[in-house]
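# Reading the structure
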Amino acid sequence: MKISQIRIEQQPDHAILRADCAGFDLWYKFPAPLQPRLSADPFIAACLLICMAKSQDLQLEDSATYSPTLLRNLEQLQDIFAYWQDYLGHNMHHIKIKGGTAKEEPFPCNDKVSFFSGGVDGYHTYQQNQQDIDYLLFAKGIDMQLSSGELYQQAFACNQQYLEKHHKLLYPIETNVRFLGYHNQLKWGVCFGGGLSSIALALGVKKSFIAAGLTYQNNVPEGSNYITDHLWSNHHTQIVHHGAEVRRIDKLKQLTKDQDFLKILRVCWHDHGYNCGECEKCLRTMSSLRLLGIKTDSFPPLSDQLVKHKLREQKLYNIHDVQFLEENLDQAIAVNDTVMIEALQHIKHDFDMRALIKQADELILHGYAHKLKQLFVRH
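Everything numeric in this text was worked out from a predicted model, so none of it was measured.

### Digging into helix α1 (residues 41–54)
- The terminal C-alpha atoms of α1 lie 20 Å apart, and with 14 residues this matches the ideal 20 Å at 1.5 Å per residue to within 8%.
- Of all the bends in α1, the greatest, near 40 degrees, is centred on C47.
- In terms of burial, α1 is largely enclosed, as 12 of its 14 residues are buried.
- Of the residues making up α1, those classed as buried are D41, P42, F43, I44, A45, A46, C47, L48, L49, I50, C51 and M52.
- Positioned one or two residues after α1, S55 has a phi angle of 55 degrees, which is positive.

### Thoughts on the pattern of salt bridges
- Enumeration according to the criterion identifies 23 salt bridges in this entry.
- Its salt-bridge partner being D250, residue K253 comes within 3.3 Å of it at the nearest N-O pair. Of this pair, K253 and D250 both sit in helix α8 (residues 248–253), three residues apart, which is roughly one turn of the helix.
- D350 serves as the salt-bridge partner of R354, at 2.9 Å between the closest nitrogen and oxygen. Taken together, the positions of R354 and D350, both in helix α13 (residues 338–364) and four residues apart, correspond to about one turn of that helix.
- Connected through shared salt-bridge partners, R7, E9, R18 and D25 make up one network.

### A word on the state of the cysteines
- The final tally for this structure, using the stated rule, is zero disulfides.
- C268 carries a free sulfur, and the closest cysteine sulfur to it, the one in C276, is 3.6 Å from it.
- The buried category is assigned to C268, whose relative accessible area is 2%.
- In this model C282 remains outside any disulfide bridge; the closest cysteine sulfur is found in C279, 3.7 Å from its own.

### As for the sheet that holds strand β10 (residues 169–175)
- Taking strand neighbours across the sheet as the criterion, the 10 strands line up as β6-β4-β1-β2-β3-β10-β9-β8-β11-β12 in an open arrangement whose pairing is mixed. Looking at strand neighbours, the two that pair on one side only are β6 (97–98) and β12 (238–242), the edges of this open sheet.
- Strand direction decides the pairing type here: strand β3 (residues 24–31) and β10, joined by two bridges, are antiparallel. Bridging across to β10, Y28 finds its partner in T175.

### Concerning the packing of aromatic side chains
- Summed over all chains, the structure comprises 14 aromatic pairs.
- Note on F116 and Y126: the rings are 5.7 Å apart at their centroids and 80 degrees apart in plane angle, and the pair reads as edge-to-face. Pair noted here: F116 is in the loop between β8 (112–115) and α4 (120–128) and Y126 is in helix α4, with a separation of 10 residues, a long-range link.
- We classify F116 as buried; its relative accessible area is 1%.
- Here the aromatic rings of F138 and Y152 are separated by 4.9 Å at their centres, their planes lie at 55 degrees, and the arrangement is tilted. In this pair, F138 sits in strand β9 (residues 135–140) while Y152 sits in helix α5 (residues 149–165), placing the two residues 14 residues apart along the sequence.
- On the accessibility criterion, F138 (0% relative accessible area) is buried.
- The structure contains a cluster of three or more aromatic residues connected by ring pairs, namely F116, Y123, Y126, Y162 and F261.
- Over the ring of Y317 we find R354; its NZ or CZ atom is 4.7 Å from the centre of that ring.

Procedures and definitions
- Residues numbered from 1 in each chain as written.
- Predicted model: local features only at pLDDT ≥ 70, side-chain atom pairs only at ≥ 80, totals over all residues.
- Heavy atoms only, no water.
- Helix = DSSP H or I, 4+ residues; strand = E, 2+ residues; numbered from the N terminus.
- Expected span 1.5 Å × (residues − 1).
- Bend = angle between axes of the 7 residues up to and from the residue.
- Buried < 20%, exposed > 50% of the residue type's maximum accessible area, 1.4 Å probe, protein only.
- Salt bridge = Lys/Arg side-chain N within 4 Å of Asp/Glu carboxyl O.
- Disulfide = S-S within 2.5 Å.
- Pairing = 2+ DSSP bridges.
- Phe/Tyr/Trp six-rings, centres within 6.5 Å; stacked < 30°, edge-to-face > 60°.
- Lys NZ or Arg CZ within 6 Å of the ring centre and 35° of its normal.

Quick look at the structure:
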């Protein structure tokens, strides 16, 4: 994969760092107060796992500069992700970074930032590190679709007003880095550690927090985690994975102390309203709120009727989602919510049975049943 035409495009109200990544126009847009850093580092971070999955060396144009610190870290990152290839769903090959020039160039930005979109993990990281965060970033294209204009403005305004009460600035940024993976047949879950880090590297900040979704206890290989995130750092920007010591449901418990944030709590990524109240992530959060006895205008209450006819029919396909379900199940048992216990156990049983059938297919039929199913789906 060749990375070329690395440049900064200046406009009166914003600046864009962009490059051509094998025909994909990858860009990062920052408002006028923020100035991106001209470097190949963000593009290397965004493209590394894609190149590993495609078994392609990463070729930089001759004029490109990169951090030798990042390059050294990439060796360990490649070792780790290569061992995780069975979990990631791609054969991950070691690749080389070619071309360009290694330079540890000084950069004047000493800002410390974190991502914030009104979600549970980002809130926890902000709350725990307020004194070490200068401002926060709400990334359109990551937390919300690039096409979500009006809804993004609504969500941004809610978060901005909340943070202003705490004397913190929230900046709107935009990037299409999430779609680079899709363009190359990689899911965001595989490459989002490098993707989020690439935003921090593009901005050239001194430190950037990435909020943990999973815990140390239940961590499974994915694109962002406490094992790999810090290795996306270069000589200037430190990437910090934060919050893996606390379960998602325990982060939600903190919200009872912050009614202002409860009013703007937003977890949905479907962009069908502020929270659609129907997707897996919304229903999972609504389950936690019910079990913790937390009420908020951000979500409709999860009634017994919804539990029996909406939540119970959910199908999970990702082990990460099962871990969140198990947190809710533990809480349901603790508060003796029998309606929730039955529904959550049903979802878990359904996931386990499908996983068992898949395993049997692979061991006995060598995946023939799955291939046959895909054949029928295509026709």
